[in-house]
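Descriptive analysis of the structure
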4 protein chains.
Amino acid sequence: MALVFEHQVGVRWRDTDALGHVNNAVYLTYLEEARDAFYLQALGDPIYVVVRVEIDFRAEIRHADRTARVAITVERLGTTSLTTREILRTAAGEVAAEARVITVRWDQDARAAIPFSEQQRGRLAEFSG
Amino acid sequence: MALVFEHQVGVRWRDTDALGHVNNAVYLTYLEEARDAFYLQALGDPIYVVVRVEIDFRAEIRHADRTARVAITVERLGTTSLTTREILRTAAGEVAAEARVITVRWDQDARAAIPFSEQQRGRLAEFSG
Amino acid sequence: MALVFEHQVGVRWRDTDALGHVNNAVYLTYLEEARDAFYLQALGDPIYVVVRVEIDFRAEIRHADRTARVAITVERLGTTSLTTREILRTAAGEVAAEARVITVRWDQDARAAIPFSEQQRGRLAEFSG
Amino acid sequence: MALVFEHQVGVRWRDTDALGHVNNAVYLTYLEEARDAFYLQALGDPIYVVVRVEIDFRAEIRHADRTARVAITVERLGTTSLTTREILRTAAGEVAAEARVITVRWDQDARAAIPFSEQQRGRLAEFSG
């Protein structure tokens, strides 16, 4: 039975665009905030680089919603890379977007990818769907 | 022989994040600016909604670059949907990201997708790879 | 004895820039979020336009802070305009910025300023410093 | 006779909000882009920190404008601080905002303000109104 990491994000007026809803690029920011919190909790270190994103936009988010929620599970764990499934839901619970995101742990000084430790692999495995 | 739509975007200091490079979500904004210009030129109407994005991040963009470039071609044309291939390059010409984006033309009043006209289909076909 | 309106905002990774701290323009977004919540609570209607901002930047905010807080009081109430004092504090309680902001209530259809009602004036007076 | 530094900025769809115009916080980003270019040209070094902003919002900017322009002159030059007058204009030439901005040159490693050199003072004096 896999754990699901859940994180709430605030919806800002600045997130909207002239179509009256949250701009599509901001969805990636919502996912990023949740993923940062996930990395921090699961790995104790939020530094990573995004390698690939696949995202299906399903529903609008509006400023009046005030919040949205992200659910994250682990789909695949490589040596230095992590594939997560990320579901963004409106405050009312509707799926706003479904994403698959590949990240790599990052050494900012060396500017290079670094492998997950055994302990980190164990922590991430708990979130495997 | 297909046309390629090319568009230059400015890189802002605000686009960077604390890793010292342009934040990954901003790549979608760069693509969006180019796509808006493409829609405007090819269709005479820049109103559309993004349905799906697949994006591979290849290289960093930095504020010192000052500009980046996007090249757009048409991969598939549906009744109301358009699949574009979008290549983001640094000022030096390095590929920073490669994306496939599905959009639908959008009627803002009806809040519904609308079909491309025959004339629009003809214009878009010129950009088919 | 004046009421103070308090509102917490989330600090996002996307809010930072390449100097490693929250970008100065984002401070206005933090104030805006709090002001929207204030307008909504005090007036029941968050639609307004910003006319003037004076802001003194006092301290950095960092992503690791995760949250910041805004305190709002009313300094002056005109026929259609409202002058607020807005204090932004880090999660640790340090003053990050002090601002004076003039807004006007806005009729989006008429694209014109509209006067506060007597009931609204009464609500706003409770927050006068 | 003082020089005026002029800089054009691109207007992005992402800069708009649900009121259909460019969000007020983004005006600071437009000014920042122009100021960065000014610092780079006049000082050869774009690293500074914003201490205070006074900004009067005069007119809307819309995505259809595609560009806006900023004109910068020097109002006051202190030991480490610079006060600039910054006028933001729409593509049609209408004044969108007038700002007075105080910045200090910044040593990112020392995290401290640093004085302008004599050569830099001479360059800045050419832009004094």
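Notes on the structure follow. (Residues numbered from 1 in each chain as written. Chains lettered and ligands numbered in written order. Predicted model: local features only at pLDDT ≥ 70, side-chain atom pairs only at ≥ 80, totals over all residues. Heavy atoms only, no water.)

**Some points on the overall build of chain A**
Helix and strand content of chain A: 2 helices and 6 strands. Listing every helix and strand of chain A by position from the N terminus yields β-α-β-β-β-β-β-α. Seen through its C-alpha atoms, chain A measures out along the principal axes to roughly 45 × 35 × 20 Å. Expressed as a percentage of its 129 residues, the buried residues of chain A come to 57%. Put simply, 65% of the contacts in chain A that link residues at least 6 apart link residues at least 24 apart. Entry remark: accessible area of chain A is about 5200 Å², with carbon and sulfur atoms responsible for 49%. Averaging the coordinates of the 16 positive side-chain charges in chain A and doing the same for the 19 negative ones gives two points 1 Å apart. (Helix = DSSP H or I, 4+ residues; strand = E, 2+ residues; numbered from the N terminus. Buried < 20%, exposed > 50% of the residue type's maximum accessible area, 1.4 Å probe, protein only. Contact = heavy atoms within 4.5 Å. Areas by Shrake-Rupley, 256 points an atom, 1.4 Å probe, with all protein chains shown as cover. Lys, Arg positive; Asp, Glu negative; His and termini not counted. Charge placed at Lys NZ, Arg CZ, Asp CG, Glu CD.)

**Comments concerning the interface of chain B and chain A**
Taken together, the contact between chain B and chain A spans 23 residues of the former and 23 residues of the latter. Roughly 2000 Å² is buried in total at the junction of chain B and chain A, and carbon and sulfur atoms are behind 44% of that figure. If you look at where chain B meets chain A, you find 6 salt bridges. The shortest N-O distance in the salt bridge between Glu-60 of chain A and Arg-111 of chain B comes to 2.4 Å. Viewed at the interface, chain A and chain B are joined by 12 residue pairs in polar contact (both at pLDDT 80 or more). For the side of chain B that touches chain A, the secondary structure elements donating two or more residues are α1 (24-43) and β2 (48-57) of chain B. Across the side of chain B that touches chain A, the residue classes break down as 11 nonpolar, 5 polar and 7 charged. Here 5 bridges tie strand β2 (residues 48-57) of chain A to β2 of chain B, and the two strands are oriented antiparallel to one another. What sits directly across from Glu-54 of chain A, in β2 of chain B, is Glu-54 of chain B. (Buried area = accessible area lost by both parts, 1.4 Å probe. Salt bridge = Lys/Arg side-chain N within 4 Å of Asp/Glu carboxyl O. Polar contact = N/O pair within 3.5 Å; in protein donor to acceptor, adjacent residues only side chain to side chain. Nonpolar A, V, L, I, M, F, W, Y, C, P; charged D, E, K, R; others polar. Pairing = 2+ DSSP bridges.)

**Some points on the relation of the copies chain B and chain A**
Overlay of chain B on chain A (RMSD 0.0 Å): rotation 180°, translation along the axis 0.0 Å. Each copy turns onto its partner about a two-fold axis. When each C-alpha of chain B is compared by its distance to the rotation axis, Glu-54 of chain B comes out closest, at 2.2 Å. In this assembly the copies share their binding face: 100% of the residues contributing to the interface of chain B also contribute to that of chain A. (Least-squares fit on C-alpha atoms with pLDDT ≥ 70 in both.)

**Examining α1 of chain B**
Residues and elements named next belong to chain B. Across its 20 residues, α1 extends 28 Å between first and last C-alpha, which sits within 8% of the 28 Å expected from 1.5 Å per residue. Counting buried residues along α1, 18 of its 20 residues qualify, which places the element largely inside the surrounding structure. Positive backbone phi, at 75°, marks Gly-44, one or two positions downstream of α1. (Expected span 1.5 Å × (residues − 1).)

**As for the relation of the copies chain C and chain B**
The transform that puts chain C on chain B rotates by 180° and translates by 0.0 Å along the axis, for an RMSD of 0.0 Å. Both copies share a contact surface, since 100% of the interface residues of chain C are interface residues in chain B too.

**Observations regarding the packing of aromatic side chains**
Aromatic ring pairs are reported here in terms of the distance separating the ring centres and the angle at which the planes meet. Throughout the structure, instances matching the rule amount to 16 aromatic pairs over all chains. Among the aromatic side chains, those forming a connected cluster through ring pairs are Phe-5, Phe-38 and Phe-127 of chain A. (Phe/Tyr/Trp six-rings, centres within 6.5 Å; stacked < 30°, edge-to-face > 60°.)

**Overview of the environment of Glu-32 of chain A**
Relative to the elements of secondary structure, Glu-32 of chain A occurs in helix α1 (residues 24-43). With 10 residues separating them in the primary sequence, Glu-32 of chain A and Ala-42 of chain A have C-alpha atoms 15 Å apart. Excluding anything up to four places from it in sequence, Glu-32 of chain A contacts Tyr-48 of chain A, Asn-23 and Asn-24 of chain B together with Trp-13 and Arg-14 of chain C.

**With respect to the interface of chain C and chain B**
For interface size, the figure often reported is the accessible area lost on association. Opposite the 10 residues of chain C that make contact, chain B presents 10 residues. Carbon and sulfur atoms supply 59% of the area that chain C and chain B bury against each other, a total of about 910 Å² over both sides. Among the residues chain C hides against chain B, the three largest losses belong to Trp-13, Arg-14 and Ala-18 of chain C. Together they make up 62% of the total. The interface formed by chain C and chain B contains 0 salt bridges. Our enumeration of links across chain C and chain B arrives at 7 residue pairs in polar contact (both at pLDDT 80 or more). For the side of chain C that touches chain B, the class distribution of residues is 4 nonpolar, 3 polar and 3 charged.

**A few points about unusual backbone geometry**
The bulk of non-glycine residues show a negative phi, and the bulk of peptide bonds are trans. All names here are of chain B. Positioned with a positive phi, Arg-111 is a non-glycine residue whose angle comes to about 50°. Topologically, Arg-111 is positioned in the loop between β5 (95-107) and β6 (112-113). Residue class for Arg-111 comes out partly exposed when judged on its relative accessible area of 34%.

**A look at the packing of α1 of chain B against helix α2 (residues 118-125) of chain B**
Residues and elements named next belong to chain B. Taken N-terminus to C-terminus, the directions of α1 and α2 make an angle of 120°; their axes are 9 Å apart at the nearest point. It follows from the interaxial angle that α1 and α2 lie oblique. Note on element contacts: α2 touches α1 through Gln-120, Arg-123 and Leu-124, opposite Phe-38, Gln-41, Ala-42 and Leu-43. (Axes fitted to C-alpha atoms, helices over the stretch in contact; angles between N-to-C directions. Parallel < 35°, antiparallel > 145°, perpendicular 65-115°, else oblique.)

**A word on the environment of Val-53 of chain D**
Topologically, Val-53 of chain D is positioned in strand β2 (residues 48-57). Among the residues examined, Val-53 of chain D registers a relative accessible area of 2% and is labelled buried. The contacts of Val-53 of chain D, once residues within four sequence positions are left out, are Val-53, Glu-54, Ile-55 and Phe-57 of chain C together with Leu-28, Arg-100 and Val-101 of chain D.

**What about the packing of α1 of chain A against α1 of chain B?**
It is at 8 Å that the axes of α1 of chain A and α1 of chain B come closest, and there the two elements cross at 175°. Between α1 of chain A and α1 of chain B, the angle falls in the class roughly antiparallel. Here Asn-24, Ala-25, Leu-28, Thr-29 and Glu-32 of chain A of α1 of chain A come into contact with α1 of chain B, specifically with Asn-24, Ala-25, Leu-28, Thr-29 and Glu-32 of chain B.

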